Amino acid sequence: MNVYIFDYDLAIHDFYRNFFKNEFRNVLLKFFFNKETLLNEINVNPPDLIILECDIENPFDLFENLRKKNLLFIVVSRLFSERIIVESLKSGAYDYIYKSNLKYDYLKFVLARAFLDLPRWKKILNFAENTEYLPEFNNYNSKLKQITFDSRFYEKWSLPLPKFYEGNSYVLNFLTVRLPFSYNASLFLTTEEEFQKLHQNFLFEFAEICKNFNSEVWIKKNDSFTSVYHKDNYLEPILTFLHIYAKFIDILSKNEIEKLRLICAIEQGSVTYTEKKENIYCEAINLTYHIVEKFESTYKLYITQTIYDGLNQRAKQYFFKESQMFEGRIIYHFDYIS
C-alpha cells in the first residue's frame, strides 16, 4: 500500500516514519513539499491514501482536485477551526485530525478504518462527482470557501510571543516606528526643548500601544523604536500601525503641530536573543531602520514581500508595490485610498 504525505514541516515527517514503521509496516511512504510535484506524481502513480496539511495556499482547490481523481485523503493540520474542518470534509477529506491530537491513538484507528473503507469511499466519490451542482450552489460554495480560507489568518491575530531564552534563535516579525525630529512647533511651543519633550512623549505613547497587540518593545532610539511579534502574527503589526497613526493624527490636531512625519516598516527575520537588547543583531531589524530612514513619504507603512505573502487577500488589497526594489527586496506600502 502506498501513502503520500504532503507537509512542509520536516519534523512531522520523522513522526510519520516512526508511526508507520510501528503500526503499518507494509506501507510505502513518499513525502512531498510542493503541491505541483504532488499532483504530477499522482497523475503517474496514484497512491492509496494521501495525508496532507491544510495550512497551504488554496487548500480546498487541491482537495477538490484529489476528490475528482477518486483519491482518499486525510487532513492532519495545525489549524483547528470548525469552519475549516467542515469545508475540508465538504471538499472530500475522509477525516480531519488536529496535530495536537497526534499524541493520542486517533490517527492509528482513523487510518485502519480508512484502509478498510477504501472501496466503498471511492464509490461515494464517484457518485458525487457524476452528480452536478446547481450553478447557484457553486457561487455560494466558492465564496464560503474563500471566507473560510481567509479566516485562518484572523485566528493568528492573538498569537502570544514565545518565552525568550538567552542565546536561543527565534523567527519574529519586527515593526519599526520612526518619528523624525523636526522642530516646527506652534506659537505656544516657544522652545526646542519643549518640542523635544513632546516628541519623546509621542514615542512613549506609540510604544505603549504596541503592548496591546501581543508585542514587546525591544529597541529604543531618539526618534524610533522596534517592537516584536510572533512569526505567524502578520495582521497585528499592521493594526498596531493603524492605532499609532490614529493617535498621531489626534495629537497633531490637538497641538496644531505641522510637518511631522511618521514612517513605519515591518519585516520578518531570525534573531539570537540576548537580554541586553542593545547588542541584538538582526538583518530584518536593520532593514526596517533603513526603510524608515530613507523613505520620505509621510504617514506611511512599508512591508516586505515576506509580510505581504503572509496576509490574506482582503489585507493585500490595501498594499501597493513600490516601483523599485530596496536593497534587493520587493517593498509594498499601505495606501489609504484603496
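Residues numbered from 1 in each chain as written. Predicted model: local features only at pLDDT ≥ 70, side-chain atom pairs only at ≥ 80, totals over all residues. Heavy atoms only, no water.

1. Observations concerning the overall build of the protein chain
In terms of helices and strands, the protein chain carries 11 helices and 12 strands. On the principal axes, the C-alpha backbone points of the protein chain span a range of 85 × 50 × 35 Å. The buried share of the protein chain, reckoned over its 338 residues, is 49%. Of the contacts formed within the protein chain by residues at least 6 apart in sequence, a portion of 68% connects residues at least 24 apart. Taken as a whole, the protein chain presents about 18,100 Å² of accessible surface, with 51% of it coming from carbon and sulfur. Computing the positive centroid from 41 side-chain charges and the negative centroid from 45, the protein chain places the two 5 Å apart. (Helix = DSSP H or I, 4+ residues; strand = E, 2+ residues; numbered from the N terminus. Buried < 20%, exposed > 50% of the residue type's maximum accessible area, 1.4 Å probe, protein only. Contact = heavy atoms within 4.5 Å. Areas by Shrake-Rupley, 256 points an atom, 1.4 Å probe, with all protein chains shown as cover. Lys, Arg positive; Asp, Glu negative; His and termini not counted. Charge placed at Lys NZ, Arg CZ, Asp CG, Glu CD.)

2. Regarding a nonpolar patch on the surface
Where nonpolar side chains cluster on the molecular surface, the patch consists of Tyr-8, Leu-10 and Phe-33 and spans about 330 Å² of accessible area. Under the relative-accessibility criterion, Leu-10 is labelled exposed at 54%. (Patch = residues over 30% accessible without salt bridge, like charges linked within 9 Å, V, L, I, M, F, W, Y side chains within 5 Å. Salt bridge = Lys/Arg side-chain N within 4 Å of Asp/Glu carboxyl O.)

3. Considering the sheet that holds strand β4 (residues 73-77)
Here five strands make up an open sheet; going across it, the order is β2-β1-β3-β4-β5 and the pairing parallel. With partners counted over all chains shown, the strands left at the sheet margins are β2 (28-32) and β5 (95-98), one partner each. Here the strands of the sheet are splayed against their neighbours by 20° on average, with no regard to which way each runs. Relative to β2, strand β1 (residues 2-6) runs parallel, the two sharing five bridges. Residue pairing across strands places Asn-2 opposite Leu-28, the latter belonging to β2. The sheet strands contacting helix α2 (residues 35-44) are β1, β2 and β3 (49-52), and the helix crosses β1 at an angle near 160°. (Pairing = 2+ DSSP bridges. Axes fitted to C-alpha atoms, helices over the stretch in contact; angles between N-to-C directions.)

4. Some remarks on the nonpolar core
Across soluble globular proteins, nonpolar side chains show a tendency to be buried alongside one another. Judged by nonpolar contacts, the single largest core of 35 residues is most densely connected at Phe-206, Leu-262, Leu-301, Ile-303 and Phe-319. Those elements that place two or more of their residues in this core are β6 (169-178), α7 (192-210), β8 (224-230), α8 (235-255), β9 (263-272), β10 (300-304), α10 (305-309) and β12 (331-334). When residues in this core are grouped by element, the largest group, eight residues, is from α7. Counting 25 residues, the second largest nonpolar core, distinct from the first, contains Ile-12, Val-76, Leu-107 and Ala-114. (Core = buried A, V, L, I, M, F, W, Y, C linked by side-chain atoms within 4.5 Å.)

5. Comments concerning the sheet that holds β9
Sheet strands associate in pairs through backbone hydrogen bonding, adopting either a parallel or an antiparallel arrangement. Read across the open sheet, the seven strands follow the order β7-β8-β6-β9-β10-β12-β11; overall the sheet is mixed. Each having just a single partner strand, β7 (216-220) and β11 (319-321) make up the two edges of the open sheet. The sheet shows a mean angle of 30° between the axes of neighbouring strands, taken without regard to direction. As paired elements, β7 and β8 share four bridges and run antiparallel to each other. Looking at the pairing, Lys-220 lines up with Phe-225 of β8.

6. Remarks on the pattern of salt bridges
Pairs can form between side chains of opposite charge whenever their charged atoms are close. This structure, assessed with the given rule, holds 16 salt bridges. Note that Arg-78 and Asp-55 form a salt bridge whose closest N and O atoms lie 2.5 Å from each other. Residue Arg-78 is found in the loop between β4 and α4 (82-90), and its partner Asp-55 is found in the loop between β3 and α3 (59-68); the two are separated by 23 residues along the sequence. Residue Glu-64 pairs with Lys-145 through a salt bridge whose shortest N-O separation is 3.9 Å.

7. Examining the packing of α3 against α4
It is at 9 Å that the axes of α3 and α4 come closest, and there the two elements cross at 25°. Looking at the two axes, α3 sits roughly parallel to α4. Between α3 and α4, the contacting residues are Phe-60, Phe-63 and Arg-67 on the first element and Ile-84, Glu-87, Ser-88 and Lys-90 on the second. Within the contact of α3 with α4, the residues separate by chemical class into three nonpolar, one polar and three charged. (Parallel < 35°, antiparallel > 145°, perpendicular 65-115°, else oblique. Nonpolar A, V, L, I, M, F, W, Y, C, P; charged D, E, K, R; others polar.)

8. Points about unusual backbone geometry
We note that Asn-70 has phi near 60°; this positive angle belongs to a residue other than glycine. Within the element layout of this structure, Asn-70 appears in the loop between α3 and β4. A positive phi angle, near 50°, is found at Asn-214, a position not held by glycine. Topologically, Asn-214 is positioned in the loop between α7 and β7. For Asn-214, a relative accessible area of 28% corresponds to the partly exposed category.

9. Looking at the side chain of Asp-55
The buried category is assigned to Asp-55, whose relative accessible area is 14%. A polar contact is formed between the side chain of Asp-55 and the side chain of Arg-78, at a distance of 2.5 Å. (Polar contact = N/O pair within 3.5 Å; in protein donor to acceptor, adjacent residues only side chain to side chain.)

10. Things to note about the packing of aromatic side chains
One pass over the structure, following the stated rule, counts 25 aromatic pairs. Consider the rings of Phe-19 and Phe-20, whose centres lie 5.4 Å apart with planes at 90°: the pair is edge-to-face. For the pair Phe-19 and Phe-20, a shared accessibility class is recorded, and that class is buried. Three or more aromatic residues link up through ring pairs in this structure, and these residues are Phe-15, Tyr-16, Phe-19, Phe-20, Phe-24 and Phe-115. Its end group placed over the ring of Phe-31, Arg-17 keeps NZ or CZ at 4.4 Å from the ring centre. Directly above the ring of Phe-60 sits Lys-145, whose terminal nitrogen or CZ lies 5.2 Å from the centroid. (Phe/Tyr/Trp six-rings, centres within 6.5 Å; stacked < 30°, edge-to-face > 60°. Lys NZ or Arg CZ within 6 Å of the ring centre and 35° of its normal.)

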